[in-house]
Amino acid sequence: VVLAASSAARVDAASPFVHGKIFFNNDSGASVEDSKPVYGCCESTKLDAETCPEDLDEDHHRLLGKVQIGTMPQMTSEQALEVLESSVGAWNGGSGVWPQMSLSDRVASVQSFLAELQHKREEIVQVLMFEIGKNKKDAEAEFDRTIIFAESTIDYIKGSGQFGSGWDASNGNTRLFLSRAAVGVVMTLAPYNYPLNESYAALIPALLMGNCVILKVPTIGGLAHMLTIEAISKTLPPGTLNFISGSGRKTMPPLMRTGKIDSLAFIGGSKAADDLIKAHPEPHRLKLFLQLEAKNMGVFMPNLFDE
């Protein structure tokens, strides 16, 4: 990650520039055969760079231009399948390093991961502002809310008493031995408007329970995840959390058709979700976490078109 000009486009000192990488098995050194430039939502040398300007006059519009703020690898279906095999190997039928860790050890690893992320807060906030147009307050709120959610999830797991193994004699004369187990390989796809928060709302609980996760990096808003690679490599075993980037239509269906995806966490349209689920050869055993067709209310006032 460099805060400097690239050869492809002029970047002001205030603009971020993130080189996207292919990341799986805790390795980000794979050569990128195909990548696309990522442009900021708006930029100007003479306008406030902390927010996307509003109510611009004609002179200000001329000051705005496309500024490249990074690159994003466009993975092929073959590369996506290679990532899947890394996750399947890390899961290893439930015998991998991560799923075999004790819950307390997994909690400690995720806490270390969150601590490492805190060092990247300002860079991630800046990228969220430039790539998807959040103002500084909203970008900071997304990052902070994500950390708070993860910490609250950990506190609940540690304090609820429902996530260990043990005998339960509450069912009359019948004694039950209860134990929670991970599902397997979880694939999660997040939207562009909350690329960090919505991703972590799915992957943090999945990781804590011992699953191995494949994150489909959002096409828009994905640069923030590139800034987390170092933290992942430092704190999680190889293959525990892998990335796939590029076209979802090219990379996701081949993974589903293998039948090696055990759970799907998806936020988006119902048609896209249906297509992915139908691609799985055994949809009856596919565990689903879906948030579909979310709509925000739009209120139109009588004077909407008044001058």
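Before any of the text, the structure's been laid out above.
First things first, this report covers the structure right here in the doc. Sequence positions are assigned chain by chain, starting from 1 and proceeding in written order. Local features in a predicted model are, by the rule used here, given only for residues with pLDDT of at least 70; side-chain atom pairs are given and counted only at 80 or more, and totals for whole chains, interfaces and linings are based on all residues. Note: side-chain values were computed over all heavy atoms of the structure, leaving out hydrogens and water.

### Remarks on the sheet that holds strand β1 (residues 18-19)
So, point 1. Between any two strands, pairing holds if DSSP finds at least two bridges. We count a stretch as a helix when DSSP gives it H or I for four or more residues in a row; a strand needs E for two or more, and each element gets its number in order from the N terminus. Taken in spatial order, the three strands of this open sheet run β1-β3-β2, and their pairing is mixed. Strands with a single pairing partner mark the edges of an open sheet, and in this sheet they are β1 and β2 (35-39).
So, point 2. Pairing geometry for β2 and strand β3 (residues 68-73), over five bridges, is antiparallel. When the sheet's bridge partners are listed, P37 is paired in β3 with T71.

### Some words on the pattern of salt bridges
So, point 1. One speaks of a salt bridge when a side-chain nitrogen belonging to Lys or Arg is within 4 Å of a carboxyl oxygen belonging to Asp or Glu. Summed over all chains, the structure comprises eleven salt bridges.
So, point 2. Among the salt bridges present, the one from R121 reaches D144, with a minimum N-O distance of 2.9 Å. Here the residue R121 occupies a position in helix α5 (residues 121-132), and D144 occupies one in helix α6 (residues 136-160), the gap between them amounting to 23 residues.
So, point 3. In this structure R121 comes out as buried when scored by relative accessible area, which is 18%.
So, point 4. Ionic pairing is found between E142 and K134, a salt bridge with its closest N-O pair at 3.4 Å. Residue E142 shares its accessibility class with K134, and that shared class is buried. Note on classification: 1.4 Å probe, protein chains only; a residue is buried when its accessible area is under 20% of the maximum for its type, exposed when over 50%, partly exposed between these limits.

### Let's talk about the packing of aromatic side chains
So, point 1. What counts as a ring pair is set by centres within 6.5 Å for rings of Phe, Tyr and Trp (its six-membered ring), and what kind of pair is set by the plane angle: stacked under 30 degrees, edge-to-face over 60, tilted for all other angles. What the rule picks out here adds up to two aromatic pairs.
So, point 2. Aromatic pair F23 and F243: ring centres 5.4 Å apart, planes at 65 degrees, arrangement edge-to-face. Residue F23 is located in the loop between β1 and β2, and its partner F243 is located in strand β8 (residues 241-244); the two are separated by 220 residues in the primary sequence. Neither F23 nor F243 differs from the other in exposure class; each is buried.
So, point 3. Judged by centre distance (6.1 Å) and plane angle (15 degrees), the ring pair of F113 and Y200 falls under stacked. In this pair, F113 sits in helix α4 (residues 103-118) while Y200 sits in helix α7 (residues 197-208), placing the two residues 87 residues apart along the sequence.

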